[in-house]
Amino acid sequence: AGGAVTALTGGGTYLVPAVTSNVTLTLPASTLGAKHKFVYVGAVADAEDWVITSASLFIGGTAHVDIGGTTEAAIYANGSTHNTLTVNNPAAGTAITFIGNGTDWAVTGMVASADAPAFTAV
């Protein structure tokens, strides 16, 4: 439906369906080797957003494929203040993985959406 979800401490793969309101997905503090993967499994592009956040910083980034246009881009976390990733209106093919290095979360994956994802600081 939406709301808030706290990811498991040890990691896992989370299948995220279309939701009826924005959803906040909270990662635990980074631990070495922990891996969290979020995969969009809705039947159509979602009208709502994912807000993925953690007390640990994000490094790396995601690919963005604009499903309504011709833009493709890499979107990067700055590695020094970004600990939130907003995935706007995810569509089929959206899959984002967070891998812990013991300090930060390394981010990799792809966002398929008409709107670009954004890294920010909370």
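Bear in mind the structure is a predicted one, so any value in this text is a computation, not a measurement.

Each value, and the rule that gives it
Residues numbered from 1 in each chain as written. Predicted model: local features only at pLDDT ≥ 70, side-chain atom pairs only at ≥ 80, totals over all residues. Heavy atoms only, no water. Helix = DSSP H or I, 4+ residues; strand = E, 2+ residues; numbered from the N terminus. Contact = heavy atoms within 4.5 Å. Buried < 20%, exposed > 50% of the residue type's maximum accessible area, 1.4 Å probe, protein only. Pairing = 2+ DSSP bridges. Axes fitted to C-alpha atoms, helices over the stretch in contact; angles between N-to-C directions. Phe/Tyr/Trp six-rings, centres within 6.5 Å; stacked < 30°, edge-to-face > 60°.

Engineer: Tell me about the environment of Thr62, residues and numbers included.
Structural biologist: Structurally, the position occupied by Thr62 is in strand β6 (residues 58-66). Distance in space between the C-alpha atoms of Thr62 and Ala118 is 9.5 Å, their sequence separation being 56 residues. If near-sequence neighbours (up to four positions away) are discounted, Thr62 is found in contact with Ala73, Ala74, Ile75, Leu85, Ile96, Val107, Gly109, Val111, Pro117 and Phe119.

Engineer: Could you give an account of the side chain of Asn88, with specific residues and numbers?
Structural biologist: Note on placement: Asn88 falls in the loop between β8 (84-87) and β9 (95-100). Among the residues examined, Asn88 registers a relative accessible area of 17% and is labelled buried. Apart from residues lying up to four places away in sequence, Asn88 is in contact with Asp49, Ser113, Asp115, Ala116 and Pro117.

Engineer: Lay out the sheet that holds strand β7 (residues 72-76) in plain terms, naming residues and giving numbers.
Structural biologist: The strands making up a sheet are joined through hydrogen bonds of the backbone, oriented either antiparallel or parallel. The six strands lie next to each other as β2-β4-β9-β10-β6-β7, forming an open sheet whose pairing is mixed. Strand pairing shows two members of the sheet lacking a second neighbour, β2 (11-16) and β7, which therefore form its edges. Pairwise comparison of adjacent strand axes, ignoring direction, gives a mean angle of 10° for this sheet. Pairing analysis gives six bridges linking β9 to strand β10 (residues 105-113), with the strands arranged antiparallel. In the sheet register, Thr97 faces β10, and the bridge partner there is Thr108.

Engineer: Pulling in residues and values, what's your account of the packing of aromatic side chains?
Structural biologist: Summed over all chains, the structure comprises five aromatic pairs. Ring geometry for Tyr14 versus Phe38: centroids 5.0 Å apart, planes at 20°, classification stacked. In this pair, Tyr14 is assigned in strand β2 and Phe38 in strand β4 (residues 35-40), connecting sequence segments 24 residues apart. Neither residue differs from the other here; Tyr14 and Phe38 are each classed as buried. Site record: aromatic cluster; members linked through ring pairs are Tyr14, Phe38, Phe58, Phe98 and Phe119.

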